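Each chain, written out:
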Amino acid sequence: MEFLVASAIGIMTAAGLYLVLRLRTFPVIIGISLLTYAVNVFLFASGRLTFGAPPILRDDVLAYADPLPQALVLTAIVISFGMTAVVVMIALGAFLGGDTDVVDDPADPVEGDAS
Amino acid sequence: MSLFLIVALPFLGALLPGMMNSAGRQACAGVTFTISLMAFIGLLTNLPAIWTGDVVVARFDWIPLLGLNLTLMLDALGFFFACLILGIGLLIIAYARFYLDRDDNMGEFFTYLLLFQGAMVGIVLSDNILLLLVFWELTSLSSFLLIGYWKHLPEGRQGARMALTVTGMGGLALIGGMLILGQIVGSYDLSVILQNREAIQSSPLYVPALVLILIGCFTKSAQFPFHFWLPHAMAAPTPVSAYLHSATMVKAGIFLMARMWPVLSGTPEWFFIVTGAGLITMVLGAVIALFKHDLKALLAFSTVSHLGLITMLLGTGTAFGAMAAMFHILNHATFKAALFMSAGIIDHGAHTRDIQRLGGLRRLMPITFAIATLAALSMAGIPLLNGFLSKEMMLEEALHTTVFGSPYVVPGLAALGSLFSAAYCFRFISHTFLGPVQKTYPAPPHDPVAGLWLPPAILVVLVVVIGVAPFLAEPFIKFVTAAVLGGVAEVPTAHFKIWHGLNFALYLSIFAVVGGLLLLLMFGPALRLWDALPRPEAKRIFEAVIAAAVRLAQLIVLPLHNGAFSKYAAIFAVTVVGVGYYAWTTGTVGEPTRTAQDANLVQIAGWLMLVAATCGLVFLHRNRLLSLILIGIVGLVVSVGFVFFSAPDLAMTQLTVEVVTIILLLLALNFLPNRTPVESSVLRRTRDGAVALAGGAATMLLSYHYLLRDTVAPSISEFHLANSYYGGGGTNVVNVILVDFRGFDTYGEIIVLGIAALLIYALTETLLDGPTRAKLLNRKPDQPRAGNMHPMMMVVLTRVIMPVILMVAFYIFWRGHNEPGGGFIAGLVASIAVVMQYMASGFSWTSARLRYPYHGVIGAGVLIAGLTGIGSWFFAKPFLTSDFTYVRIPPFDEFELATAALFDLGVFLAVVGAVMLSLESFSRLARRAHVPDAEHPMDIDPSRDDPKEETA
């Protein structure tokens, strides 16, 4: 099981990185989303994997899953929605303003001086 | 009055004049004057306490772990400087009221002035050197605003920039020096540092600390070789020059040297650096001042010269030198402020400050003539005026100072400086006021209104009173000197007298005055000689240095930062993997302590789906709609994974976020092209693939490694599990962590979320206002539209189901403290309920029924959460301390009431507002011209705007 989770994190990271390195905005956004999943699962896994022991206190239960990574990841999920929305908005604005969704700026001549 | 209030008053008051411009100039000036006067009176109320030798202290722990505390201290030295700052400040405010034109924004001016005043008072009252540094930087920033106040003048902007660059760099050096000093002593409190003279001076870090602190002082006080910024700062309005360069800004460096005098002075390093720089500055400034034709430039260089004089006196390290320095600070502040104000009056009347075009003003401006002449003669060192007394003391001190074994160097240079000083004072008087009346003034000069001449006149009264009756000032100056010496040396017993008998200092004084007169007689030839001499132009050198720095920065930054964002991402990824690899190979890896758990078929199937969807994304990402579906699968598998691994809260959050994210991306794809073209070469794709695989392998190895090992140190999670119920009153530990244990984090997070939503809203507004508006309105959709925009089944279903979903959200919200759920998830669920209405019934229909704007919902959420936190203050508990109790209202069972629920309500509202504002902004972009928004949501539009038909 541990191997499955670790490899899933690795595969999502690799795919996310590859898409982030693409030249158009939309694949980059998808790549960032994939990276977000990978990072969230990575953080979550730092609490180690526990089956059938949610951190909901019960009188007769002694072992619980680690609640701390869960709390951190919960806010991370919500914040990453906000971040994705902002990135999408910026991509959209750039596309509508410049009629192109290429990520890289065109190479421009070096400016002369600071003034 | 409390010291906190004295420092805070100018800062608080700075808000007023800026906001009351419309109330008129008189009101602005009146408010500013009142605020300064209150601070000044507050300062004076502390005089009885410190006169008896007490030190008034006010303390508030700010960041005690860093040693940064709001500790203020008022002793005689601080009192002296605060008096100068606030007292002369009052005169400047009155003067500025009449000096500024109708076109000048007076509220803005007084706001800057009060900010600056507060920062200066903060410097002289700080007991904590870190706090002092904060105020020090504030003076640099606020003086930048003041110097550049006339934004339309290029000289003003350049002068302000130069002043900020030089004093800002000095400030950096000062931070370094102060931190070293704090490290040596082990405390950042001045009162502690001042007790540790031996420890500091015997430390090997003494010299670096000294040099760094002195760079800070020298840049601020315009000492050689940093003196060049001060004359360029003269582009400021004259009240600013009079304030900054007589009593405040440039005296901050002097103040710090005096403050640090007990612990830093008395060593050869201190003596050579401080006395040397002071002497050079004094002579250089005086010589340059003589040949300046602009009245303010002349005064600027004379200020440089006099600051050198004071620095030199502090550098000698004797008690008498320190006393003379204190006396000269007082005298210089009085006559120099009066002189600057007089120059401003002349400029105001004659519309020129060029000394070559002036002359003969004696008859035209008799009052100004009297004021300026008395002040200038004092500066020249003429008896019966206060400048004479302190200059005499300076010469006396110089006569006792030996350098390189020669007793002649210091007195010789001091006398030379005095000679030139006398010469430029005489020139100021004779070339401006004496001689025949000119016919070529740009405007007819006349004496100004009383508001302009009264402030300098008050100062000149002081000049004369101290000059005639020095015994009046003597107790006060000795009192201040005792605070400077700090017990390291005895206060000198010498008395302040006009007549000390025929001693050598008097001969030097006579030599200087007579020599100055002779030099003025030979001014014509001297000026020709001066003009013929090659001189380095400080401004040009400064600009060359700045240009070189800019070129160097461009050389380094531009190749790296060329706008190719995908390159940055690649560099970042490679660097992280490289650093991680280094850490991995050089660290030690322990044996696994956990056994791997078995996976069943369902889990393997889920894993296979995830891997398939992820790989599919890589290979099929050019079809953008397909990639949305694939990423949806990834998200779903991740949610299900959370269920498996005992994280129900996460699963619910992930699932609901997934829904809104996909809707968001769909809305974006409405505008973006639906396919990604093939652009990158095979080589590039191979390279990117290699980077991606390296990154993936690294994270996989790392996570596999730690999944099989226990934490090295015991985790703090046990604490949360143990205290969740008894301390937080909830059995859902994750929710209790969010709203209670780490409520402050959550509070920050909902604010960030709100800011993100507002940012999206603002960007939408910009797009809808700009040139893209027309483009958006006339856009032809690239996909065929459905004929029925609002399918009836969907409309009916979403409306029926909305109360149900809201009920679910309510339920999830309330159970959140004890069972999976809570504000975040409930907020997302409620948002989905509303989004469905937008999707089914259309934008206009939904907006028309929207009672509260989403901005307000975000704000209400943040406010409720914040007020819940503040509520704990009323019970003398720290911010966001929560409480809970159990109540029973028949016929219900006993249930729990927790303040955390109120906080969670804030979270709920902020999430709803943020999600809805984001999605609403996107859909606002989608509205087009020619397609009127339907008022009735169930109409059928037979005219499909199918692009295939139109292009055909």
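Residues numbered from 1 in each chain as written. Chains lettered and ligands numbered in written order. Predicted model: local features only at pLDDT ≥ 70, side-chain atom pairs only at ≥ 80, totals over all residues. Heavy atoms only, no water.

Turning our attention to the overall build of chain B. Across its full length, chain B holds 41 helices and four strands. The C-alpha extent of chain B, read off along each of the three principal axes, is 110 × 70 × 70 Å. Going through the 952 residues of chain B one by one, you find that 54% of them count as buried. For chain B, restricting intrachain contacts to residue pairs at least 6 apart in sequence, the fraction spanning at least 24 positions comes to 80%. Element-wise, carbon and sulfur atoms account for 71% of the exposed surface of chain B, whose accessible area totals about 41100 Å². (Helix = DSSP H or I, 4+ residues; strand = E, 2+ residues; numbered from the N terminus. Buried < 20%, exposed > 50% of the residue type's maximum accessible area, 1.4 Å probe, protein only. Contact = heavy atoms within 4.5 Å. Areas by Shrake-Rupley, 256 points an atom, 1.4 Å probe, with all protein chains shown as cover.)

Turning our eyes to something else, we now look at the overall build of chain A. Along its length, chain A carries three helices and zero strands. Listing every helix and strand of chain A by position from the N terminus yields α-α-α. Relative to the globule expectation of 13 Å for 115 residues, the C-alpha radius of gyration of chain A, 20 Å, shows a markedly less compact shape. Overall, chain A is about 70 × 30 × 25 Å in size when its C-alpha atoms are taken along their principal axes. By the burial criterion, 65% of the 115 residues in chain A qualify as buried. Within chain A, contacts between residues at least 6 apart in sequence are counted, and of these 55% link residues at least 24 apart. Carbon and sulfur atoms make up 65% of the accessible area of chain A, which amounts to about 4300 Å² in all. Of note, chain A has its 4 positive side-chain charges centred 12 Å away from the centre of its 11 negative side-chain charges. (Rg over C-alpha atoms; globule rule 2.2 N^0.38 Å. Lys, Arg positive; Asp, Glu negative; His and termini not counted. Charge placed at Lys NZ, Arg CZ, Asp CG, Glu CD.)

This part is about the nonpolar core. Residue and element names in this part refer to chain B. Residues Met-178, Trp-229, Leu-264 and Met-326 are the most contacted members of the largest nonpolar core, which totals 209 residues. By residue number, the principal contributor to this core is helix H17 (residues 319-350), which donates 21 residues. Not counting chain neighbours up to four residues away, the residues in contact with Trp-229 comprise Met-162, Ala-163, Val-166, Thr-167, Thr-219, Lys-220, Ala-222, His-245, Met-249 and Val-250. (Core = buried A, V, L, I, M, F, W, Y, C linked by side-chain atoms within 4.5 Å.)

Another aspect to go through is helix H32 (residues 717-728) of chain B. Under the 1.5 Å per step criterion, the end-to-end length of H32(B) is only 14 Å for 12 residues, more than 12% shorter than the ideal 16 Å. Those residues of H32(B) not exposed but buried are Ser717(B), His720(B), Leu721(B), Ser724(B) and Gly728(B). Seen from one end, H32(B) has its buried residues packed into an arc of 110 degrees, which puts them on one side. Facing away from the buried side of H32(B) by over 90 degrees, the exposed positions are Glu718(B) and Tyr726(B). Looking at the buried residues of H32(B), the elements they touch are helix H3 (67-98) of chain A together with helix H33 (733-741), strand E3 (884-888) and strand E4 (894-898) of chain B. (Expected span 1.5 Å × (residues − 1). Arc of directions from axis to C-beta.)

Moving on, we come to the interface of chain B and chain A. Buried accessible area, meaning the area lost when the parts come together, often serves as the stated size of an interface. Tallying the contact residues gives 111 residues for chain B and 83 residues for chain A. Taken over both partners, the interface formed by chain B and chain A buries close to 8900 Å², and the fraction arising from carbon and sulfur atoms is 76%. On the chain B side of the contact with chain A, Gln597(B), Phe645(B) and Leu707(B) bury the most area, a combined 8% of that side's loss. Where chain B meets chain A, there are four salt bridges. (Buried area = accessible area lost by both parts, 1.4 Å probe. Salt bridge = Lys/Arg side-chain N within 4 Å of Asp/Glu carboxyl O.)

Let us look at the packing of aromatic side chains. Counted under the stated rule, the structure contains 33 aromatic pairs over all chains. Seen in terms of ring centroids, Phe228(B) and Phe542(B) are 5.7 Å apart; in terms of plane orientation they differ by 50 degrees. Their pairing is tilted. Of this pair, Phe228(B) sits in the loop between helix H11 (206-220) and helix H12 (229-232) while Phe542(B) sits in helix H26 (residues 538-560), and the two are 314 residues apart along the sequence. As far as burial versus exposure is concerned, Phe228(B) and Phe542(B) are alike and both buried. One Lys or Arg, Arg22(A), reaches over the ring of Tyr18(A) and ends 4.2 Å from the middle of that ring. (Phe/Tyr/Trp six-rings, centres within 6.5 Å; stacked < 30°, edge-to-face > 60°. Lys NZ or Arg CZ within 6 Å of the ring centre and 35° of its normal.)

Moving on, we come to the pattern of salt bridges. Between side chains of opposite charge, pairing is possible as soon as their charged atoms come close. Evaluation of the coordinates by the stated rule reveals 18 salt bridges over all chains. Glu819(B) is paired through a salt bridge with Arg815(B); the nearest N and O atoms lie 3.9 Å apart. Salt bridges here are not isolated pairs; linked through shared partners, they connect Arg22(A), Arg684(B), Arg687(B) and Asp688(B).

What follows is about empty space enclosed by the protein. Taken as a whole and judged by the stated rule, the model has five cavities of 30 Å³ or more. Taken as a whole, the largest cavity spans an internal volume of roughly 160 Å³. Residue lining of the largest cavity: 15 residues in total, with Ser33(A), Tyr37(A), Thr84(A), Val657(B) and Thr661(B) positioned closest to the centre. Going through the elements one at a time, helix H2 (25-45) and H3 of chain A together with helix H30 (648-669) of chain B are the ones with two or more residues in the lining of the largest cavity. Among the elements that take part in the lining of the largest cavity, H30(B) stands out by supplying six residues, more than any other. For the lining of the largest cavity, the class distribution of residues is seven nonpolar, seven polar and one charged. (1 Å grid on protein atoms, 1.4 Å probe; cavity = no way out; pocket = protein on both sides within 12 Å on 5 of 7 lines; lining within 4 Å. Points joined across faces, edges and corners; volume = space filled by probe spheres on them. Nonpolar A, V, L, I, M, F, W, Y, C, P; charged D, E, K, R; others polar.)

Now for the pairing of strand E2 (residues 68-74) of chain B. For E2(B), the tally of buried residues reaches six of seven residues, placing the bulk of the element in the interior. Hairpin geometry of strand E1 (residues 56-63) of chain B and E2(B) is characterised by an intervening segment of four residues between the two adjacent antiparallel strands and by a positive phi of about 75 degrees at Gly67(B). (Pairing = 2+ DSSP bridges.)

The next thing to look at is the side chain of Asp101(A). For Asp101(A), the position within the fold is in the segment after H3. Polar contacts involving the side chain of Asp101(A) include one to the side chain of Arg24(A), which spans 2.4 Å. Setting aside anything within four residues of it in sequence, one finds Asp101(A) in contact with Leu23(A), Arg24(A), Thr25(A), Phe95(A), Arg624(B) and Pro673(B). (Polar contact = N/O pair within 3.5 Å; in protein donor to acceptor, adjacent residues only side chain to side chain.)

With respect to the secondary-structure elements, Asp105(A) resides in the segment after H3. Note: C-alpha distance between Asp105(A) and Ile79(A) (26 residues apart in sequence) is 28 Å. Leave out the neighbours within four places in its chain, and Asp105(A) touches Gly563(B) and Phe565(B).

Take the pairing of E1(B) next. As paired strands, E1(B) and E2(B) are joined by six bridges and run antiparallel to one another. Along E2(B), the bridge assignment pairs Ile63(B) with Leu68(B).

Let us now look at the packing of H3(A) against helix H34 (residues 743-769) of chain B. Two elements in contact, H3(A) and H34(B), have axes whose closest approach is 10 Å; the angle formed by their N-to-C orientations is 15 degrees. With respect to H34(B), the axis of H3(A) lies roughly parallel. The hand of the H3(A)/H34(B) crossing is left-handed. Along its contact with H3(A), which presents Thr75(A), Val78(A), Ile79(A), Gly82(A), Ala85(A), Val86(A), Met89(A), Ile90(A), Gly93(A) and Leu96(A), the element H34(B) presents Glu749(B), Val752(B), Leu753(B), Ala756(B), Leu759(B), Ile760(B), Leu763(B), Thr764(B) and Leu767(B). (Axes fitted to C-alpha atoms, helices over the stretch in contact; angles between N-to-C directions. Parallel < 35°, antiparallel > 145°, perpendicular 65-115°, else oblique. Left-handed = near helix turned anticlockwise from the far one by under 90°.)

All names here are of chain B. With respect to the secondary-structure elements, Leu-909 resides in helix H40 (residues 899-925). Linking Leu-909 and Val-403, residues 506 residues apart in sequence, is a C-alpha distance of 74 Å. If near-sequence neighbours (up to four positions away) are discounted, Leu-909 is found in contact with Val-857, Ile-858, Ala-860, Gly-861 and Ile-864.

Attention shifts here to the environment of Arg594(B). One can find Arg594(B) in the loop between helix H27 (565-586) and helix H28 (601-620). Looking at Arg594(B), the relative accessible area reads 27%, which means it is partly exposed. Considering only alpha carbons, one finds Arg594(B) and Val643(B), 49 residues apart in sequence, at a separation of 22 Å. In contact with Arg594(B), not counting residues within four places along its chain, are Arg48(A), Leu49(A), Leu707(B), Leu708(B), Arg709(B) and Asp710(B). At 2.9 Å, the side chain of Arg594(B) and the side chain of Asp710(B) are in polar contact.

What follows concerns the side chain of Arg622(B). All names here are of chain B. Within the fold, Arg-622 resides in the loop between H28 and helix H29 (624-644). One buried charged residue, Arg-622, remains without a salt bridge, the closest side chain of opposite sign being Glu-679 at 6.8 Å. Apart from the residues lying within four places of it in its own chain, the contact partners of Arg-622 are Asn-674, Arg-675, Thr-676, Pro-677, Val-678 and Arg-685.

In terms of domain boundaries, chain B breaks down into domain 1 (274-521) and domain 2 (725-944). Distance between the C-alpha centres of domain 1 of chain B and domain 2 of chain B: 70 Å. (Domains from an automatic or database assignment.)

This part is about unusual backbone geometry. Residues and elements named next belong to chain B. Geometrically, the link from Phe-224 to Pro-225 is a cis peptide bond, its omega value of 5 degrees lying close to zero. Within the secondary structure, Pro-225 sits in the loop between H11 and H12. Of note in the backbone geometry, Ala-222 takes a positive phi value of approximately 55 degrees without being a glycine. Within the secondary structure, Ala-222 sits in the loop between H11 and H12. Relative accessible area serves as the criterion here: at 0%, Ala-222 is assigned to the buried category. Residues other than glycine seldom take positive phi values, yet Ser-646 does so here, at roughly 60 degrees. Among the structural elements, Ser-646 can be located in the loop between H29 and H30.

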